[in-house]
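Analysis of the macromolecular model
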Amino acid sequence: MVPAPPPAVSFSPAEVQRRLAAGACWVRCGARLYDLTGFVRHHPGGEQLLRARAGEDVSADLDGPPHRHSANARRWLEQYYVGELQGGPQGSVENGTVTSANTQKTDPWMEPKLKVVDWDKDLVDWRKPLLWQVGHLGEKYDEWVHQPVIRPIRLFHSDLIEALSKSVWYSVPIIWMPLMLYLSWSHYRTLAQGNVRLFESFSTEYSVAMPESVFPGLFVLGMLLWSLLEYLIHRFLFHMKPPSDSHYLIMLHFILHGQHHKAPFDESRLVFPPVPASLGIAFFYVILRLLLPEAVGGTMFAGGLLGYVIYDMIHYYLHFGSPHKGSYLYNMKAHHAKHHFAHQKSGYGISSKLWDHFFHTLIPEEPHLKMQ
């Protein structure tokens, strides 16, 4: 249900120009004005918008060739709506940011799908913790959770539990890198002693000696296994569709990953908090210890732990970094934005597209529109 929009505020071209000169980044679609100052660095084309704000001519460079944005992206844009440009689409602004970021005419394919966010009429009460509420959404949950918003999420009533469900990005390398280095050094020294043998617990006759020279290979294998595990968890656990009649499975999905798709720029929920992360990390360490000799499993675990740290850091950067256009991270940022706003059932890779290639879940290429 879409409520009637409030009366529009009108801005003269001169007033818009003053705001641009003060450092704001406004764009327009037809006569509608949007203040993207706080969002510009998160968008894959944000670097070009910032250059435009500085007065450079980037009209042919913004986001590459013109392309259709998803319905979610258009709903997202409406959350930045500030008012109308006096004089309608024909109103002129000297600075290139407003006039070059959009065509002069509103796309008729886009206009009917624009929605205004009304927090008081949403399916949940945003003034209260969300976790228990989402369990009651039933069949409406899957559509609701994939309509992103630009506000932080509170999950729990308890301040302590709520604090444990959040984390700053730098907690990941601070906590896990020392452990990775310690395990690497410890297990390398064990391998260097020359008495580690693979399969010895099954057969002494056919056991295989594991010299210290295998350390780099085991470490890289651990990183590769983590990348596969990351893909599988993201695809089959994080993007499962919980049964509409299961209150608790909906809550589980929301706390695992749904919250991130609902509020993809809530920076306190972009990396795994240390307490729940430690439970998962301990689980995988125990599995490797049960299957392999300590030095072998521990070395692979250390490689996987480094892979996890890299994954979480890249994921954070894809949401809040400003990579240079054409770089690997720029392409990954655009790829991940498509996953959030248009293709939630494909493009599961975060740090690379390796397993998306392998399992044929790449985000499909979309034909660009012809220049208007």
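Keep in mind that what you see is a predicted model, and the values were worked out from it rather than measured. (Residues numbered from 1 in each chain as written. Predicted model: local features only at pLDDT ≥ 70, side-chain atom pairs only at ≥ 80, totals over all residues. Heavy atoms only, no water.)

**Quick word on the packing of aromatic side chains**
The way to describe two aromatic rings as a pair is by their centre distance and the angle between their planes. Rule in force here: Centres within 6.5 Å are what make two rings of Phe, Tyr or Trp a pair, Trp counting through its six-membered ring; a difference in plane orientation under 30 degrees is then read as stacked, over 60 as edge-to-face, and the rest as tilted. Helix and strand definitions follow DSSP, with helices as H or I runs of at least four residues and strands as E runs of at least two, each counted in order from the N terminus. Here the term buried applies to any residue with accessible area under 20% of the maximum for its type, exposed to any over 50%, and partly exposed to those in between, with areas from a 1.4 Å probe on protein chains only. Each ring is checked for a lysine NZ or an arginine CZ that lies within 6 Å of its centre and within 35 degrees of its normal; such an atom marks a charge sitting over the ring.
Tallied over the entire structure, the rule returns 22 aromatic pairs. Each ring, one from tyrosine 188 and one from phenylalanine 215, has its centre 5.4 Å from the other, and the planes form 85°; the classification is edge-to-face. Linking tyrosine 188 in helix α8 (residues 171-192) with phenylalanine 215 in helix α9 (residues 215-238), this pair joins segments that are 27 residues apart in sequence. Residue classification places tyrosine 188 among the partly exposed positions, given a relative accessible area of 29%. Take phenylalanine 215: its relative accessible area is 14%, and that puts it in the buried class. An aromatic cluster is defined as three or more aromatic residues linked by ring pairs; in this entry it consists of Trp169, Tyr170, Phe265, Tyr316 and Phe320. One residue, lysine 262, lies across the ring of tryptophan 144, its end atom 4.2 Å from the ring centre.

**Quick word on the environment of alanine 302**
The following threshold applies: Residue contacts follow a heavy-atom distance rule, with two residues in contact if any of their heavy atoms lie within 4.5 Å.
Along the chain, alanine 302 turns up in helix α12 (residues 294-320). Put simply, alanine 302 and leucine 179 are 123 residues apart on the chain and 8.1 Å apart in space, counted from C-alpha to C-alpha. Residues in contact with alanine 302, not counting those within four places in the same chain, are Met180, Leu183, Ser184 and Phe219.

**Concerning the side chain of serine 268**
The following threshold applies: Pairing of N or O atoms within 3.5 Å defines a polar contact, subject to two protein rules: one partner must be a possible hydrogen donor and the other a possible acceptor, and residues neighboring in sequence count only if both atoms are side-chain atoms.
Of note, serine 268 is situated in the loop between α10 (247-262) and α11 (274-291). For serine 268, a relative accessible area of 19% puts it in the buried group. At 2.8 Å, the side chain of serine 268 and the side chain of aspartate 266 are in polar contact. Ignoring sequence-local partners within four residues, the contact set of serine 268 consists of Lys166 and Ser167.

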